[in-house]
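# Coordinates in review
This is what each chain is made of:
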Amino acid sequence: MTVEFKGHRFESKKAVKYLGVTIDPRLHFKEHAELAAKRASDTCRHLTQILPNLRGPRQRTRKVLATVVTFRLLYGAPFWFPSITAEAMHKMEAVYRRVMLRGASCYRTVSHDAVAVVSGMPPLALLAEERQKTHEGILKSVAREQLTSRWQTVWDNSNKGRWTYRLIRELAPWLKRQHGEVSFHLSQVLTGHDCFGEYLHRFGKTENDSCALCRATPDGVEHAIFECNAFHHWRVEACVYLDVDQLMPENLINTMLRSKSDWQRVSSLIGRIMVTREWEERTRQQAPGGVREIVVNEPHLPYQRLLCQFNSNEPYQEYKMNIVTFGQKSPPFIAI
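Just so we're clear, the structure is a prediction, and the values are computed from it rather than from any experiment.

Core analysis: the biggest nonpolar cluster contains 78 residues, and Trp 80, Met 92 and Leu 190 have the highest contact counts within it. A per-element tally of this core places helix H4 (residues 86–104) first, with 9 residues. Other than its neighbours up to four places away in sequence, Met 92 contacts Ala 33, Ala 36, Ala 37, Leu 73, Trp 80, Ile 84 and Leu 124.

Written out as structure tokens, the structure is:
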């Protein structure tokens, strides 16, 4: 509708902007969320160019840069949070998720709940509620304790990121730690998303979910870090320095939180394991003509045999091949 008065034209609009907050007639703040998400998305796009997952800034620097996006999204939160719709909130959370992924060096396939815990960045709705409470006069420390409590309840009841939940059940010790930053390889272990046979097979990258190093199946993150025989010596060596009998998912984080040196020791172990697995996966992908693996059925095992003699004084030993690897070029060995 357009109104003319003394030579001036006034056009009606669906929303009005006041002090940086776009207000609609029903106070759903849909237009405000769209505008805030757009501006934050532009900032996030620039940040992603300087925050690569690998060989980028440390996590502390990433979190500082992420606050630029967070402040854009939370502007005017004490005013709009009580009545904003879930749809409008979801638009801003989608942008917030992108900066959380960069803050923790995680893959895009990681769930929203898991990446929030790994990055140490509370969900956007809880941050907006915290802003509202501090605006009403509640102390920041009290509001932060209430946020952590609410976040813990959400984390306990979520059905996403259960592997991360198995490692990090209690949020308070994880969030209040005074040492340790999440690296690229550590984030892969905390989320279970990387070059694990189970993960790659789920996305059709491999023919099966077996481990490329020890042939065990399924090759999940628990097998890769805590069970794979290829890294048994490294784990034993780390356990001696850490003064623990065995590293397990249930004691991994508690061990890392004990001291800065323990964090670095575990992080170094995880880095060595992940680098080795990445090299193995990269070798498989770059093989001439590509490499595929076929699991041999039980009736066919007698036809896939190798005769090996490790010493001229020892008799030949017979091995049956459970998995046959092939490509477009001949392998560098001959099996009879």
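Mapping Arg 277 onto the fold places it in helix H15 (residues 260–286). Side-chain polar atoms of Arg 277 contact the backbone oxygen of Cys 195, separated by 3.3 Å. Setting aside residues no more than four positions away along its own chain, Arg 277 makes contact with Cys 195, Phe 196, Gly 197, Cys 211, Leu 213, Asp 219, Ala 224 and Phe 231.

This paragraph deals with the packing of aromatic side chains. Taken as a whole and judged by the stated rule, the model has 5 aromatic pairs. With centroids separated by 6.1 Å and ring planes inclined at 70°, the aromatic side chains of Tyr 107 and Phe 184 adopt a geometry described as edge-to-face. Of the two residues, Tyr 107 sits in the loop between H4 and helix H5 (112–119) while Phe 184 sits in helix H10 (residues 184–191), which places them 77 residues apart along the sequence. The exposure class of Tyr 107 is partly exposed, given its relative accessible area of 29%. With a centroid separation of 5.6 Å and an interplanar angle of 70°, the aromatic rings of Trp 155 and Tyr 165 are classed as edge-to-face. In this pair, Trp 155 is assigned in helix H7 (residues 140–157) and Tyr 165 in helix H8 (residues 162–167), connecting sequence segments 10 residues apart. Above the ring of Tyr 165, the side-chain terminus of Arg 162 is found at 4.3 Å from the ring centroid. The lysine or arginine in question, Arg 265, covers the ring of Tyr 241, its NZ or CZ lying 4.0 Å from the ring centre.

In this structure, Ser 187 sits in helix H10. When the C-alpha atoms of Ser 187 and Tyr 107 are compared, they prove to be 8.9 Å apart, with 80 residues separating the residues in sequence. Apart from the residues within four sequence positions on either side, Ser 187 is in contact with Ala 104, Ser 105, Cys 106, Val 118 and Val 182. Within the structure, the side chain of Ser 187 is placed 3.5 Å from the backbone oxygen of Ala 104, a separation counted as a polar contact.

Here 4 bridges tie strand S1 (residues 2–5) to strand S2 (residues 8–11), and the two strands are oriented antiparallel to one another. Within the sheet, the bridge partner assigned to Val 3 lies in S2 and is Phe 10.

What follows deals with unusual backbone geometry. Here the bond from Thr 217 into Pro 218 is cis, since omega is -5°, no more than 30 degrees from zero. Within the element layout of this structure, Pro 218 appears in the loop between helix H11 (197–202) and helix H12 (221–227).

Quick look at a nonpolar patch on the surface now. On the surface, Val 3, Phe 5 and Phe 10 cluster together to form a nonpolar patch covering roughly 300 Å² of accessible area. Inspection of the secondary structure puts Val 3 in strand S1. Residue Val 3 is classed as partly exposed on the basis of its relative accessible area, which comes to 41%.

Quick look at the pattern of salt bridges now. Side chains bearing opposite charge may pair, as long as their charged atoms lie close to each other. In total, this model carries 13 salt bridges according to the counting rule given. Arg 60 is the salt-bridge partner of Glu 181, the closest N and O atoms lying 3.8 Å from each other. Of this pair, Glu 181 sits in the loop between helix H9 (171–175) and H10 while Arg 60 sits in helix H2 (residues 59–74), and the two are 121 residues apart along the sequence. Each of the salt bridges in this network shares a partner with another, and the network as a whole consists of Lys 38, Asp 42 and Arg 45.

Here we come to the confidence of the model for the chain. Averaged over every residue, the pLDDT of the chain is 85; residues scoring 70 or more account for 91%. For residues 328–336, every residue scores under 50 in pLDDT, and the model assigns this stretch 6 contacts once sequence neighbours within four places are set aside.

Orientation of helix H1 (residues 30–50) relative to H2, taken along the N-to-C sense of each, is 175°, at an axis distance of 9 Å. Taken together, the axis directions place H1 and H2 in an arrangement best described as roughly antiparallel. In this structure, H1 contributes Ala 36, Ala 37, Arg 39, Ala 40, Thr 43, Cys 44, Leu 47 and Ile 50 to the contact, and H2 contributes Leu 65, Val 68, Val 69, Arg 72 and Leu 73.

Position of His 32 relative to the elements: it lies in helix H1. Assessed through its relative accessible area of 4%, His 32 is described here as buried. Looking at His 32, its side chain comes within polar contact range of the side chain of Trp 80, at 3.5 Å. Excluding anything up to four places from it in sequence, His 32 contacts Gly 20, Val 21, Thr 22, Tyr 75 and Trp 80.

About the criteria used
Residues numbered from 1 in each chain as written. Predicted model: local features only at pLDDT ≥ 70, side-chain atom pairs only at ≥ 80, totals over all residues. Heavy atoms only, no water. Core = buried A, V, L, I, M, F, W, Y, C linked by side-chain atoms within 4.5 Å. Buried < 20%, exposed > 50% of the residue type's maximum accessible area, 1.4 Å probe, protein only. Helix = DSSP H or I, 4+ residues; strand = E, 2+ residues; numbered from the N terminus. Contact = heavy atoms within 4.5 Å. Polar contact = N/O pair within 3.5 Å; in protein donor to acceptor, adjacent residues only side chain to side chain. Phe/Tyr/Trp six-rings, centres within 6.5 Å; stacked < 30°, edge-to-face > 60°. Lys NZ or Arg CZ within 6 Å of the ring centre and 35° of its normal. Pairing = 2+ DSSP bridges. Patch = residues over 30% accessible without salt bridge, like charges linked within 9 Å, V, L, I, M, F, W, Y side chains within 5 Å. Areas by Shrake-Rupley, 256 points an atom, 1.4 Å probe, with all protein chains shown as cover. Salt bridge = Lys/Arg side-chain N within 4 Å of Asp/Glu carboxyl O. pLDDT = per-residue confidence, 0-100. Axes fitted to C-alpha atoms, helices over the stretch in contact; angles between N-to-C directions. Parallel < 35°, antiparallel > 145°, perpendicular 65-115°, else oblique.

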